[in-house]
Amino acid sequence: MSRLIGLGLLLAGLLYPFAVYFGMEHFAPWQFGLLLGSLWLARALTGERKPGSLWMACVAIVFCLLLALIDSPLLLRWYPVLISGFMLVLFSLSLKYGPPMVERLARIREPQLPPEAIRYTRQVTVAWSMFFFCNGLCAALLTLWAPLHWWMLYTGLISYGLIGLMFAIEWLIRQRVRGRP
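Under an unreviewed UniProt entry, the name given to the protein is Intracellular septation protein A, and the source organism is Pseudomonas kribbensis.

Enquirer: Got a minute to help me understand the UniProt feature "transmembrane region" (unreviewed entry) in the protein in this structure?
Expert: Mapped onto the present numbering, the UniProt feature "transmembrane region" (unreviewed entry) falls at residues 29–46, 53–70, 76–95, 126–145 and 151–173. Within residues 29–46, the helical portion is 100% and the strand portion 0%, while the C-alpha atoms at the span's ends are 26 Å from each other.

Enquirer: Mind showing me how you'd approach unusual backbone geometry here?
Expert: Glycine aside, residues mostly have negative phi angles, and peptide bonds mostly take the trans form. The step from Gly 98 to Pro 99 runs through a cis peptide bond, and the omega angle for that step is -10°. For Pro 99, the location among the structural elements is in the loop between helix H5 (79–97) and helix H6 (101–109). One non-glycine residue, Asp 71, lies in the positive phi region at around 60°. Position of Asp 71 among the secondary structure elements: in the loop between helix H3 (53–70) and helix H4 (73–76).

Enquirer: Please clarify how the packing of aromatic side chains should be interpreted in this entry.
Expert: By convention here, two paired aromatic rings are described through the distance between centres and the angle between planes. The final tally for this structure, using the stated rule, is 12 aromatic pairs. With a centroid separation of 5.9 Å and 80° between ring planes, the pair formed by Trp 55 and Phe 86 is classed as edge-to-face. Linking Trp 55 in helix H3 with Phe 86 in helix H5, this pair joins segments that are 31 residues apart in sequence. Arranged with centres 5.5 Å apart and planes meeting at 75°, the rings of Phe 131 and Phe 132 form a pair that is edge-to-face. Like Phe 132, Phe 131 is buried. Members of the aromatic cluster, each reached through a chain of ring pairs, are Tyr 16, Phe 27, Phe 32, Phe 63 and Tyr 79.

Definitions and limits used
Residues numbered from 1 in each chain as written. Predicted model: local features only at pLDDT ≥ 70, side-chain atom pairs only at ≥ 80, totals over all residues. Heavy atoms only, no water. UniProt positions renumbered as here; feature names shortened; annotations may be inferred. Helix = DSSP H or I, 4+ residues; strand = E, 2+ residues; numbered from the N terminus. Phe/Tyr/Trp six-rings, centres within 6.5 Å; stacked < 30°, edge-to-face > 60°. Buried < 20%, exposed > 50% of the residue type's maximum accessible area, 1.4 Å probe, protein only.

Okay, structure coming up:
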């Protein structure tokens, strides 16, 4: 059940900019808040107890409650900023309290990492932290000063393309660091 809820949150996050852009004519912001808040609440009640997962769910639920109570179309646009902020905090705190997030992910595939790989994963975690900071900043600036269609274009397409580009560049660099052509 928790995997299904996690998948629902992932899909809601991916489709959120399009749902806001195309759904504003048919649904009120409070309805978005209740639906999204229900998913986060279900995640909090059924999800695994990983470090930070409960506080992340609580912050998201508070955001959704505010959205439901205030019923503001502008507040709807802050959700991608919140998600980038979550990711920034998650990656940045892993640098301080370790192991870095990318090292954790790398150890799933390769439990015994050499010291140079550990240094490399730390650098990649820093790069992702900077990415999430810049992504959240762009989303915030578009929320404050851009038309809705610019916001939707960035948060629904461009930012995902940039994430894919980050993955591709990191993979190419990793191949070079490992000595593969």
